[in-house]
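For reference, the chains in residue letters:
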Amino acid sequence: MNNRMYSIEHIRADFPILDRQVYGKPLVYLDNGATTQKPRTVVDAITEEYYSVNANVHRGVHFLSQEATRLHEASRERVRTFINAASTNEIIFTRGTTEAINLLASSFGEAFLHEGDEVIVSTMEHHSNIVPWQLLEARKGIKLRVIPITDRGEICMDEYVKLFNEHTRLVSVMHVSNVLGTVNPIREMIRIAHEHDVPFAVDGAQSIPHIAVDVQDLDADFYAFSAHKVYGPTGIGVLYGKEHWLDRMPPYQGGGEMIQTVSFERTTFNELPFKFEAGTPDYIGTTAFARALDYVSALGMEHIAAHEKALTDYALQRLREIPAMRIIGEAEERGAVISFNVGNIHPSDLGTLLDRLGIAVRTGHHCAQPLMHRMGIPGTVRASFALYNTMEEVDALVAAVDRVRKMF
Ligand code: PMP
């Protein structure tokens, strides 16, 4: 498929919600960094499975259970191919990025982190890649080391290199910033960590929807992401982990599915990936997630990326024309997220007024308070684009922002 065939009209027709109005205005949905809208095929997958297949997985001899299990495990295989993992043993289903990182912190922490050990994160991390490690500071006496960033919102690579020492046990950094849009030089950062024999975990929540990710090519040791940010359902996510790490990590939660045998004397655990998946999984969600991955794959990640880059470049250019505009995050390599403030208008006032004009944006600290502190601001307005957004929607955003500016 080439860009000419990237028919935005056809694509938008797949997303019924995009047709609705809010306050009598056409909806302009620019909060895709928070969650994306769902194409019909994803919602259909949910109803189809509930209506025709529903049964608990992995434990039934009956037809429906086997069919549900087949679909669930086929979804794991779909995720594996999407990120090019070496094996389905490396695909752990979780509730989302947050649970994936908590699983990692808890289980990797149990196996490999001891008092005085250090974990490196960056200043721009989402709270979900800060707080799980802080819990380990309290529980195990580890220490967080934080990579500084430049005023433009880029990782200070010189400072990153200096943070490694004999206590460093893990680096955990986001691929794409949910605030600044910065695409971090993750491949180079992983290479540097490995030079120090330190594994590298990637928060991929904001990269998976926009960039083709190959975990083997990146040589990432762990990679976390959420289905709902890539047109899939809520409540499903993935922790990818190299098998040799996951093998040596203890279970995260106990219960059904994750055991081999249980007795009061001795319980043995299931193999990968089931060792990390206690209880009934969201097997309907995984089927719908696989449909979402089929959907974006059919469009082509390279075409999605090209479309979103065109939108972002145009939006940046037009927004900069607005007097008193301050773009937060001017990284060379950037994704489909733009944060900004206008003059002294509080971001939540700006966001509320944009909402009345039909424009859905995010305002506030975006779960990145240390980053807000670093940039010296209370928050931003954030517009984040998806595969279905249009240039006309960018125009609508720009016109609305300028209108609100004139009101103040
Ligand atoms: N990391 C980043 C960079 C994010 O943008 C988000 C979602 N805002 C998360 C982690 C958390 O994802 P979830 O809420 O789906 O667990």
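Here, the structure is the one placed above.
In this text the structure is predicted, and so the values were computed from the model without any measurement.

Draft legend 1. Expanded view of the overall build of the protein chain. Looking only at helices and strands, the protein chain has 14 helices and 17 strands in total. Judged by the C-alpha coordinates and their principal axes, the protein chain covers about 75 × 55 × 35 Å. Per-residue burial for the protein chain yields a buried fraction of 55% across its 408 residues. The contacts of the protein chain with a sequence gap of at least 6 include a subset with a gap of at least 24, amounting to 71%. With an accessible surface of roughly 17300 Å², the protein chain has 51% of that area assigned to carbon and sulfur atoms. On the protein chain, the mean spot of the 39 positive side-chain charges and the mean spot of the 52 negative ones are 5 Å from each other.

Draft legend 2. Local environment of the pairing of strand β4 (residues 91-94). Burial of β4 is two-sided: the residues I91 and F93 facing one way and the residues I92 and T94 facing the other way are all buried. As paired elements, β4 and strand β10 (residues 237-241) share four bridges and run antiparallel to each other. Each residue of the ladder has a partner; that of F93, found in β10, is V238.

Draft legend 3. Representation of the sheet that holds strand β13 (residues 325-328) in the model. Here we have four strands laid out as an open sheet, ordered β13-β14-β17-β16, and antiparallel in their pairing. Since the sheet does not close on itself, it has two edges, and those belong to β13 and β16 (362-364), each with one partner. Adjacent strand axes in the sheet meet at a mean angle of 30° when their direction is disregarded. For β13 and strand β14 (residues 337-342), the ladder comprises four bridges, and the chain directions are antiparallel. Directly across from R326, in β14, lies its bridge partner N341.

Draft legend 4. Region of the structure containing the sheet that holds strand β7 (residues 168-174). Taken together, seven strands build an open sheet; the order of strands is β4-β10-β9-β8-β7-β5-β6 and the sheet is mixed. At either end of the open sheet lies a strand with only one pairing partner, and these are β4 and β6 (143-147). The average undirected angle you get between the axes of adjacent strands in this sheet is 20°. As paired strands, strand β9 (residues 222-226) and β10 are joined by five bridges and run antiparallel to one another. In the strand pairing of β10, F222 is matched with G241. Helix α4 (residues 97-112) contacts β4, β7, β8 (200-203), β9 and β10 of the sheet and is inclined by roughly 155° relative to β9. The sheet contacts of helix α5 (residues 131-140) involve β5 (118-122), β6 and β7, and relative to β6 the element is tilted by about 145°.

Draft legend 5. Geometry of the nonpolar core. Judged by nonpolar contacts, the single largest core of 68 residues is most densely connected at Y160, F200, Y223, F289 and L387. Ranked by residue count, the leading element in this core is helix α10 (residues 283-299), at seven residues. In this structure, F289 is in contact with V79, F93, F225, A227, V230, P233, I236 and V238, ignoring residues within four places of it in sequence. The next biggest cluster of nonpolar side chains, apart from the first, holds 28 residues, and it includes L311, I322, L350 and A400.

About the criteria used
- Residues numbered from 1 in each chain as written.
- Predicted model: local features only at pLDDT ≥ 70, side-chain atom pairs only at ≥ 80, totals over all residues.
- Heavy atoms only, no water.
- Helix = DSSP H or I, 4+ residues; strand = E, 2+ residues; numbered from the N terminus.
- Buried < 20%, exposed > 50% of the residue type's maximum accessible area, 1.4 Å probe, protein only.
- Contact = heavy atoms within 4.5 Å.
- Areas by Shrake-Rupley, 256 points an atom, 1.4 Å probe, with all protein chains shown as cover.
- Lys, Arg positive; Asp, Glu negative; His and termini not counted.
- Charge placed at Lys NZ, Arg CZ, Asp CG, Glu CD.
- Pairing = 2+ DSSP bridges.
- Axes fitted to C-alpha atoms, helices over the stretch in contact; angles between N-to-C directions.
- Core = buried A, V, L, I, M, F, W, Y, C linked by side-chain atoms within 4.5 Å.

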